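# Architecture at a glance
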Amino acid sequence: MTYTKEESIFTKIIKGQISCDKIYENKDTLAFLDINPINEGHTLVITKKEYKDFLDIPETELENLSKTVQKVAKAVKKATHADGINISTNIGEAAGQVVFHVHVHIIPRFENDGLKSWKRNSNARTNKDIAQNISKYL
Ligand code: AMP
């Protein structure tokens, strides 16, 4: 029996097997509205090739993805008259990733949208040892 890896829902969107509200497309990337938006205009940008998350993509794809994210974020901000934008990507279930096909969220933010930024952890230390420990892995 041949094993075929199950396609992500986003690959199905790329193939046109599932519809989406498309905003922009080029050879390497696609941008479309999130089906369950945090605010109106919440957009996802994905790579057409299937990589599981942001840490998994090669540098050239990162460049393609980043360019599309910036281009589309500018358009989202203008179109929604947003006061600000959050650009984020979830990596791993613990970080809230549900779809394991790299995607960047572009979320329009408004002064009084009631969404808070992340709560800070006053128990989390910040010092030179922690910085050096992280640097070791570069
Ligand atoms: P994440 O939690 O970062 O993996 O986010 C996945 C996002 O994909 C969620 O915000 C979902 O609302 C969105 N999503 C899932 N299925 C679809 C779909 N068919 N069309 C558009 N957005 C989707």
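Let us look at the structure shown here. This structure is a prediction, so every number in the text was calculated from the model and none was measured.

## So, the side chain of Asn-39
By secondary structure assignment, the location of Asn-39 is in the loop between strand S2 (29-33) and strand S3 (43-47). Take Asn-39: its relative accessible area is 15%, and that puts it in the buried class. Within the structure, Asn-39 has its side chain in polar contact with the backbone oxygen of Pro-108 (distance 2.8 Å). Of note is the side chain of Asn-39, whose polar atom sits 3.2 Å from the side chain of Asp-113. Setting aside residues up to four positions removed in sequence, Asn-39 forms contacts with Pro-108, Arg-109, Phe-110, Asp-113 and Leu-115.

## Structural notes on unusual backbone geometry
Residues other than glycine seldom take positive phi values, yet His-81 does so here, at roughly 55°. Positionally, His-81 belongs in the loop between helix H2 (59-80) and strand S4 (84-88).

## Here's the deal with the nonpolar core
Nonpolar side chains in soluble globular proteins tend to be buried together. If you look at the biggest cluster of nonpolar residues, it comprises 12 residues: Ala-31, Val-45, Tyr-51, Ile-57, Leu-65, Val-69, Val-72, Ala-73, Val-76, Val-102, Val-104 and Ile-106. Secondary-structure elements contributing two or more residues to this core are H2 and strand S5 (103-109). Filtering out sequence-adjacent residues up to four positions away, Ile-57 remains in contact with Tyr-51, Leu-62, Leu-65 and Val-102. The next biggest cluster of nonpolar side chains, apart from the first, holds 7 residues, and it includes Ile-13, Phe-32, Leu-44 and Val-99.

Parameters at a glance
- Residues numbered from 1 in each chain as written.
- Predicted model: local features only at pLDDT ≥ 70, side-chain atom pairs only at ≥ 80, totals over all residues.
- Heavy atoms only, no water.
- Helix = DSSP H or I, 4+ residues; strand = E, 2+ residues; numbered from the N terminus.
- Buried < 20%, exposed > 50% of the residue type's maximum accessible area, 1.4 Å probe, protein only.
- Polar contact = N/O pair within 3.5 Å; in protein donor to acceptor, adjacent residues only side chain to side chain.
- Contact = heavy atoms within 4.5 Å.
- Core = buried A, V, L, I, M, F, W, Y, C linked by side-chain atoms within 4.5 Å.

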